Structure formats: C-alpha cells, structure tokens
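Inside the fold
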Amino acid sequence: MLNVKEVTEQLRDEEITDSEQTVIRWILEGKIKATRTKHLNIDFTIKPRDLAAFILEKKIEYKIKQYGVDYLHWEKTFQENQKLKEEIEEVKSNIRIQHAKVSALKKMLKAEYALSDHPPFTFNSLFGLDADADKAILKKEFKKLLKALHPDRGGDERLFKVFYDHYQKTI
C-alpha cells in the first residue's frame, strides 16, 4: 500500500504530476482508487495495482492528445492492416502461381497444335465440302444453316447472328 507522498513521487517520475494537491483531487474525483486511513490526519492509501492502472490510463490520454487519435483504436486498426497486407501478399503469390500454370498450359497447347496433323478449320470443312468447292455451293449450305438457326423458326438468335456475320464476310 502506498501513501499520497509515494504516489506523487511515482507520478513525478512518470512525468504526470508533481503536486500532492492534484493527486488528492484525483483521489476525491475517483480517478485514482484509494482508501482512507483510520488516522485523524485524513490520509489515503493506494494499491500499487490501482496506481499502475491510473498511470497507464494517463499515458494513453497523453498519446491521444499527442497524435490526435485514439491510440488503442489505432493500434487495433494497425494490427488489422498488417493481417490484410499478409493476406494480400498470399493472394498475389497464388495469382503468380496461377499465371505460371496458365502460361505453361498455353505453351503445351501450342506445341500440341503444332504436332497435330489436322488441317485448319474452314467453313468448307464445317459443311463437309471439299477445299476447292464452288462458292455457290458454300453459299447454299450457309443459307440452309441460317434458315435452321433463324429465330422465327425456333433457332438460337445468338448463333444466327454469328453465322450471318460470317456469311456476309465470306460471300
């Protein structure tokens, strides 16, 4: 148990106050927990734990005034930001790994296409025509396909538009 003089000395060491009157005022206001002694000269005793809590509270108040923000809230936010930065770095590394996988797969596909003996895709091969087939026959086959895909006949409008664009470019 500490008396007012000892508490004032410790608060002076922590650069909080050097006045016994201020300490007594804080005790009377309930800012520092203390009990009265049984002596007639009205003295107080303070537990070291209560004094430590008060010193910590005063230091936090000082930091809030110094930085203009709630120090505890700032520290919590700082910790959350650190966790988010770590998660971002982890996601970035996962993205780099996925990009490496995609580029490797692209290289494999290019190599596979280079090794395959299949002729390039043409509309003649789509309609089952010879490579040197007449344009009139190709036009006729396109019209059959467009007729089947027409939306008024229950066909798919998107496919109709795609093949119609190719028809106009080809013919």
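Below is a short write-up of the structure. (Residues numbered from 1 in each chain as written. Predicted model: local features only at pLDDT ≥ 70, side-chain atom pairs only at ≥ 80, totals over all residues. Heavy atoms only, no water.)

Here we take up unusual backbone geometry. Residues other than glycine seldom take positive phi values, yet E15 does so here, at roughly 60°. You can see E15 is positioned in the loop between α1 (4–13) and α2 (20–29). Residue class for E15 comes out exposed when judged on its relative accessible area of 75%. (Helix = DSSP H or I, 4+ residues; strand = E, 2+ residues; numbered from the N terminus. Buried < 20%, exposed > 50% of the residue type's maximum accessible area, 1.4 Å probe, protein only.)

Right, let's get into the nonpolar core. V7, L11, V23, I27, I32, I46 and L51 are the most contacted members of the largest nonpolar core, which has 13 residues in total. Within the residue set of this core, elements represented by two or more residues are α1, α2, β3 (44–46) and α3 (48–67). Contact partners of V23, with chain neighbours within four places excluded, come to V4, V7, T8, L11, T17 and I32. F123, L146, L149 and F160 belong to the second-largest nonpolar core, a separate cluster that totals nine residues. (Core = buried A, V, L, I, M, F, W, Y, C linked by side-chain atoms within 4.5 Å. Contact = heavy atoms within 4.5 Å.)

Spatial ordering of the open sheet is given by β1-β3-β2, a layout of three strands whose pairing is antiparallel. The sheet is open, and its two borders are formed by β1 (2–3) and β2 (35–36), each paired with just one other strand. Relative to β3, β2 runs antiparallel, the two being bridged by two bridges. Paired with T35 across the bridge in β3 is T45. (Pairing = 2+ DSSP bridges.)

Structural remark: α-helix, 3.6 residues per turn; residues separated by three or four positions point the same way. Within α2 the residues assigned to the buried category are T22, V23, W26 and I27. Down the axis of α2, the buried side of the element spans an arc of 140°, and every buried residue falls inside it. Turned more than 90 degrees away from the buried face of α2 sit Q21 and L28, all of them exposed. In this structure, the buried side of α2 is in contact with α1, β3 and α3. Note on α2: the residue one or two positions beyond its end, G30, has a positive phi of about 85°. (Arc of directions from axis to C-beta.)

Attention now goes to a negative patch on the surface. A cluster of acidic residues, E6, E9, D13 and E20, forms a negative patch at the surface. A total of three residues in the negative patch trace back to one element, the largest contributor, which is α1. Secondary-structure assignment places E6 in helix α1. Here E6 falls in the partly exposed class, since its relative accessible area comes to 35%. (Patch = residues over 30% accessible without salt bridge, like charges linked within 9 Å, V, L, I, M, F, W, Y side chains within 5 Å. Areas by Shrake-Rupley, 256 points an atom, 1.4 Å probe, with all protein chains shown as cover. Salt bridge = Lys/Arg side-chain N within 4 Å of Asp/Glu carboxyl O. Lys, Arg positive; Asp, Glu negative; His and termini not counted. Charge placed at Lys NZ, Arg CZ, Asp CG, Glu CD.)

It is worth spelling out the pattern of salt bridges at this point. Side-chain pairs of opposite charge can arise where the charged atoms are in close proximity. This structure, assessed with the given rule, holds eight salt bridges. The salt bridge involving E89 is made with K92; its shortest N-O contact spans 4.0 Å. Here K92 and E89 lie together in helix α4 (residues 71–115), a separation of three residues that amounts to about one turn. With a relative accessible area of 46%, E89 lands in the partly exposed category.

Sizing a probe to match a water molecule and rolling it over the atoms shows the empty space that remains. Taken as a whole, the largest pocket holds about 230 Å³ of empty space. Taken together, E14, E15, I16, W26, K58, K59, E61, Y62, K63 and K65 form the lining of the largest pocket. Take the lining of the largest pocket: its biggest share by element is six residues, from α3. For the lining of the largest pocket, the per-class residue count stands at three nonpolar, no polar and seven charged. (1 Å grid on protein atoms, 1.4 Å probe; cavity = no way out; pocket = protein on both sides within 12 Å on 5 of 7 lines; lining within 4 Å. Points joined across faces, edges and corners; volume = space filled by probe spheres on them. Nonpolar A, V, L, I, M, F, W, Y, C, P; charged D, E, K, R; others polar.)

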